[in-house]
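Spelled out, the chains give:
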Amino acid sequence: MSRRHNSLMSDNLKEELAKELGVYDIVKTEGWGSVSSRNCGNLVKLAIKKAEESMVQNNNF
């Protein structure tokens with residue numbers, strides 16, 4: 001199975017999330033492949049949370 005090269009998140013956003021979760025050093029030294037699946041899941045959860053918060057702020061719900 002080939003990897004997708006078109007990402008929904010920018011590299012800057014992914015790095016910001018990794019810093020927030022404390023896995024940025026792993027990403028920088030070893031790459032994304034070395035980040036545990038648990039931490040990848042946490043990155044996705046955090047991205048969803050931030051997107052939802054952004055939507056609420058922009059739409060004043």
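Look above for the structure.
Everything numeric in this text was worked out from a predicted model, so none of it was measured. Each chain has its residues counted from 1, running along the sequence as written. Given that this is a predicted model, residues contribute local features only at a pLDDT of at least 70 and side-chain atom pairs are listed and counted only at 80 or more, while totals for whole chains, interfaces and linings are drawn from all residues. Only hydrogens and water are set aside; all other atoms, that is, all heavy atoms of the structure, feed into the side-chain values.

Trainee: Would you mind showing me how to read the overall build of the protein chain here?
Mentor: Per the secondary structure count, the protein chain includes 3 helices and 0 strands. Along the protein chain, helices and strands appear, N-terminal first, in the series α-α-α. Total accessible area on the protein chain stands at roughly 5200 Å², and carbon and sulfur atoms take up 50% of it. Secondary structure counts use DSSP, requiring at least four H or I residues in a row for a helix and at least two E residues in a row for a strand, with both numbered from the N terminus. In short, Shrake-Rupley with a 1.4 Å probe defines the accessible areas, and a residue's cover is counted only from the protein chains shown.

Trainee: What exactly am I supposed to notice about the pattern of salt bridges here?
Mentor: A side chain of one charge can pair with a side chain of the opposite charge if their charged atoms are brought near each other. For this document, the term salt bridge refers to a Lys or Arg side-chain nitrogen within 4 Å of an Asp or Glu carboxyl oxygen. Under the defined criterion, the tally for this structure stands at 3 salt bridges. Among the ionic pairs, Glu15 bridges to Lys28, the shortest N-O distance being 3.7 Å. Here Glu15, found in helix 1 (residues 11-21), pairs with Lys28, found in helix 2 (residues 24-30); they are 13 residues apart in sequence, far enough to count as distant. On the basis of relative accessible area, Glu15 is assigned to the partly exposed category, the value being 23%. Residue Lys50 is joined to Glu20 by a salt bridge in which the shortest nitrogen-to-oxygen separation is 3.3 Å. Throughout, exposure labels follow a simple rule: accessible area from a 1.4 Å probe, protein chains only, divided by the maximum for the residue type, with under 20% read as buried, over 50% as exposed, and the rest as partly exposed.

Trainee: What am I meant to see in the packing of helix 1 against helix 3 (residues 37-59) here?
Mentor: Angle between the axes and distance between the axes are the two parameters that describe a pair of packed helices. Running from amino to carboxyl end, helix 1 crosses helix 3 at an angle of 110°, the nearest separation of the two axes being 10 Å. By the angle between their axes, helix 1 is roughly perpendicular relative to helix 3. The two elements helix 1 and helix 3 cross, and the hand of that crossing is right-handed. Along the contact surface, helix 1 presents Glu16, Leu17, Ala18, Glu20 and Leu21, while helix 3 presents Asn39, Asn42, Leu43, Leu46, Ala47 and Lys50. Any residue that is not Ala, Val, Leu, Ile, Met, Phe, Trp, Tyr, Cys, Pro, Asp, Glu, Lys or Arg is counted as polar, Gly included; the first ten are nonpolar and the last four charged. Of the residues assigned to the contact of helix 1 with helix 3, the class counts are 6 nonpolar, 2 polar and 3 charged. Helix axes use the C-alpha atoms of the stretch in contact, all axes being lines fitted to C-alpha atoms, and the angles between their N-to-C directions lie in the range 0 to 180 degrees. Put simply, angles under 35 degrees are roughly parallel, angles over 145 are roughly antiparallel, angles from 65 to 115 are roughly perpendicular, and the rest are oblique. Crossing handedness is read from the near helix: turned anticlockwise from the far helix by less than a right angle, it gives a left-handed crossing, and turned clockwise, a right-handed one. The contact criterion used is simple: two residues touch if any of their non-hydrogen atoms lie within 4.5 Å.

Trainee: I keep staring at the nonpolar core and nothing clicks. Help me out?
Mentor: The tendency in soluble globular proteins is for nonpolar side chains to be buried side by side. Buried residues of nine kinds, namely Ala, Val, Leu, Ile, Met, Phe, Trp, Tyr and Cys, make up a nonpolar core once their side-chain atoms join them within 4.5 Å. Leu17, Ala18, Val23, Tyr24, Val27, Val35, Leu43, Leu46 and Ala47 form the largest nonpolar core, which has 9 residues in total. Listing elements by their share of this core, those giving two or more residues are helix 1, helix 2 and helix 3. Ranked by residues supplied to this core, first place goes to helix 3 with 3 residues. Val23 has contacts with Ala18 and Asn39, leaving out every residue within four places of it along the chain.

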